[in-house]
Amino acid sequence: GAVVSQHPSRVICKSGTSVKIECRSLDFQATTMFWYRQFPKKSLMLMATSNEGSKATYEQGVEKDKFLINHASLTLSTLTVTSAHPEDSSFYICSARDIRDLQDEQFFGPGTRLTVL
Amino acid sequence: DAKTTQPPSMDCAEGRAANLPCNHSTISGNEYVYWYRQIHSQGPQYIIHGLKNNETNEMASLIITEDRKSSTLILPHATLRDTAVYYCIVRVILSGGSNYKLTFGKGTLLTVNP
């Protein structure tokens, strides 16, 4: 099956710094990648949809200037949390969509645990 | 996409079948039923999906009622590693590359006990 990786798996940073999370589709080309956030004991919440070569579409209430998304290639999307604060501490998960998949599945990465001190 | 309703939690004995229900009474004719699961601190994993017919794969079976207003995911022989949150999602499969969203509800926490 299709594999999606994320890097890093865990990151701890100081308040006010920026953190970049990478999402890669390893064995397929992903025209679309999705970024989700999950707080403890809560469900996944979609943050933004990222199409290769174009600007990301953000969900209502998600600050695009704080969560910068870049999808420059068919295998890589990055999420940068700028000026991170403790309330940004969360589990960030990406998913990727395989353009060759007739069922049009989303394949999820393993997630990145962000802790802001 | 249609909303789904699932019980917040269920228990199952190891080796027994786990039957996880999902209500989707407002499902429309072109919406599929998808099941994902999320093991603690991991990304969601696709399990199975179906439109109107029952489906089976190596992981599970999906039983969809004739009126399509509810479905049941069956794990035939649950193991401890099946302990996870199970999400039932309904969505349209679009052609032509249009974007779609997966809306995750709260899911069902299945705990498989030894």
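Predicted model, so just to flag it, every value in this text is computed and none were measured. (Residues numbered from 1 in each chain as written. Chains lettered and ligands numbered in written order. Predicted model: local features only at pLDDT ≥ 70, side-chain atom pairs only at ≥ 80, totals over all residues. Heavy atoms only, no water.)

Further remarks concern the sheet that holds strand β8 (residues 76-81) of chain A. All names here are of chain A. Pairing in this open sheet of four strands is antiparallel, and the strands run β1-β3-β8-β7 from one edge to the other. The open sheet has two edge strands with one neighbour each: β1 (4-7) and β7 (67-73). Strand-to-strand twist in this sheet, taken as the mean axis angle between neighbours without regard to direction, amounts to 15°. Relative to strand β3 (residues 19-25), β1 is paired through four bridges, and the arrangement is antiparallel. Among the inter-strand pairings, Ser5 is bridged to a residue of β3, identified as Arg24. (Pairing = 2+ DSSP bridges. Helix = DSSP H or I, 4+ residues; strand = E, 2+ residues; numbered from the N terminus. Axes fitted to C-alpha atoms, helices over the stretch in contact; angles between N-to-C directions.)

Here the focus is the state of the cysteines. Residue and element names in this part refer to chain A. Summed over the entire model, instances satisfying the criterion amount to two disulfides over all chains. Disulfide partner of Cys23: Cys94, at an S-S distance of 2.0 Å. Taking the torsion about the sulfur-sulfur bond, which here is approximately 80°, the covalent link between Cys23 and Cys94 counts as right-handed. Residue Cys23 is located in strand β3, and its partner Cys94 is located in strand β9 (residues 90-98); the two are separated by 71 residues in the primary sequence. Classification of Cys23 by relative accessible area gives buried; the value is 0%. Accessibility expressed as a relative area gives 0% for Cys94, which makes it buried. (Disulfide = S-S within 2.5 Å. Buried < 20%, exposed > 50% of the residue type's maximum accessible area, 1.4 Å probe, protein only.)

Chain B puts 22 residues into the contact, and the matching count from chain A is 21 residues. For the pair chain B and chain A, the summed buried area comes to about 1600 Å², and 44% of that belongs to carbon and sulfur atoms. Run the count over chain B and chain A and you get zero salt bridges. At the boundary of chain B and chain A, one finds five residue pairs in polar contact (both at pLDDT 80 or more). Looking at the side of chain B that touches chain A, the elements with two or more residues in it are β3 (31-38), β4 (45-50) and β8 (84-92) of chain B. With three residues, the single largest contributor to the side of chain B that touches chain A is β3 of chain B. Per-class residue counts for the side of chain B that touches chain A are 10 nonpolar, nine polar and three charged. (Contact = heavy atoms within 4.5 Å. Buried area = accessible area lost by both parts, 1.4 Å probe. Salt bridge = Lys/Arg side-chain N within 4 Å of Asp/Glu carboxyl O. Polar contact = N/O pair within 3.5 Å; in protein donor to acceptor, adjacent residues only side chain to side chain. Nonpolar A, V, L, I, M, F, W, Y, C, P; charged D, E, K, R; others polar.)

What follows concerns the pattern of salt bridges. Tallied over the full model, the rule gives three salt bridges over all chains. Ionic pairing is found between Asp88 of chain A and Lys66 of chain A, a salt bridge with its closest N-O pair at 2.9 Å. Of the two residues, Asp88 of chain A sits in the loop between β8 and β9 while Lys66 of chain A sits in the loop between β6 (57-58) and β7, which places them 22 residues apart along the sequence. The partner of Arg37 of chain B in a salt bridge is Asp82 of chain B, and the shortest N-O contact between them spans 2.8 Å. Taken as a pair, Arg37 of chain B in strand β3 and Asp82 of chain B in the loop between β7 (70-75) and β8 lie far apart in primary sequence, 45 residues in all. Each member of the pair, Arg37 of chain B as well as Asp82 of chain B, carries the same accessibility label: buried.

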